[in-house]
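# Geometric and topological summary
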Amino acid sequence: MILSTRALIVLAFSAIGSTTNPKADEYPTADCSGEKDYPHSNYGLTYVTMNETTHCVYLASKDWSKRTWQAYSKKTYNGGACWGDVLGNLKGGTNNLDTTFTKRINCLLNCGTNSDSDASDKCRTIGQWVPREEAASDHRT
């Protein structure tokens, strides 16, 4: 079968996009082995809430020198925003949700680490308590 030039270009750009987008894939196992339960990868991905049945998250980012994934102890709701204790910053690769910190990771925020990051995008101070009311994307009453 011969693919058209247009089809090849679309395939090439989709492959490039998938490797540069932030990624947070959830797995039911403690070491991220096996099939992922909940894949998250798209341009502008900011908040990722962890499902109660997952125990590991595989993280990737385009530029770790400017951005990181920050772990939070609470989530507003599935698909919502992060609040509670800012547990710490995570590295790329596999991260156990239950044992990486003293509290379970329930939400992740993709945030800027540079001093020139926009204030609304900048990572919070580790150890800080973020009230639910300050969870940026929680619009439920």
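Notes on the structure follow. (Residues numbered from 1 in each chain as written. Predicted model: local features only at pLDDT ≥ 70, side-chain atom pairs only at ≥ 80, totals over all residues. Heavy atoms only, no water.)

Moving on, we come to the overall build of the protein chain. Assigned secondary structure in the protein chain consists of one helix and eight strands. In sequence order, the secondary structure elements of the protein chain are arranged as α-β-β-β-β-β-β-β-β. Burial status across the protein chain gives 39% buried among its 141 residues. Across the protein chain, the fraction of contacts at a sequence separation of at least 24, relative to all contacts at a separation of at least 6, is 64%. Of the accessible surface of the protein chain, which amounts to about 8,300 Å², a share of 54% is contributed by carbon and sulfur atoms. (Helix = DSSP H or I, 4+ residues; strand = E, 2+ residues; numbered from the N terminus. Buried < 20%, exposed > 50% of the residue type's maximum accessible area, 1.4 Å probe, protein only. Contact = heavy atoms within 4.5 Å. Areas by Shrake-Rupley, 256 points an atom, 1.4 Å probe, with all protein chains shown as cover.)

Turning our eyes to something else, we now look at the sheet that holds strand β8 (residues 129-130). Taken in spatial order, the five strands of this open sheet run β2-β7-β4-β5-β8, and their pairing is antiparallel. The open sheet has two free edges, formed respectively by β2 (47-49) and β8, since each of these has just one partner strand. Bridging between strand β4 (residues 67-75) and strand β7 (residues 107-112) involves six bridges; their strand directions are antiparallel. Bridge pairing in β7 links R67 to G112. (Pairing = 2+ DSSP bridges.)

With that out of the way, let us pick up the state of the cysteines. By the definition in use, this model includes three disulfides. Across a sulfur-sulfur distance of 2.0 Å, C82 and C107 are joined as a disulfide pair. One quick way to see it: the torsion about the S-S bond of C82 and C107 is about -75°, and its sign makes the bridge left-handed. Here C107 lies in strand β7 and C82 lies in strand β5 (residues 82-90), a separation of 25 residues in the sequence. We classify C82 as buried; its relative accessible area is 2%. Between the sulfur atoms of C111 and its disulfide partner C123 the distance amounts to 2.0 Å. Between C111 and C123, the S-S torsion sits near 95°, and that sign places the bridge as right-handed. Here C111 is found in strand β7, whereas its partner C123 is found in the loop between β7 and β8, with 12 residues between them in sequence. You can call C111 buried: its relative accessible area is 1%. Owing to a relative accessible area of 18%, C123 belongs among the buried residues under this scheme. Regarding the disulfides, the protein chain carries the connectivity 1-2, 3-4, 5-6 under sequence-order numbering of its bonded cysteines. (Disulfide = S-S within 2.5 Å.)

Phi angles above zero are rare outside glycine, and C32 is one such case at about 65°. Residue position: C32 is located in the loop between β1 (23-27) and β2.

Our focus in this paragraph is the environment of W129. Turning to its location among the elements, W129 is positioned in strand β8. Spatially, the C-alpha atoms of W129 and G84 are 5.3 Å apart, while their sequence positions differ by 45 residues. In this view, W129 contacts K74, W83, G84 and D85; residues no more than four positions away in its chain are not counted.

Consecutive side chains along a regular strand alternate between the two faces of the sheet. Counting buried residues along β1, four of its five residues qualify, which places the element largely inside the surrounding structure. Pairing geometry for β1 and strand β3 (residues 56-60), over five bridges, is antiparallel. Residue K23 lies in a different strand from β3, and its bridge partner there is A60.

Scope: geometric values only; no functional claims are made or implied.
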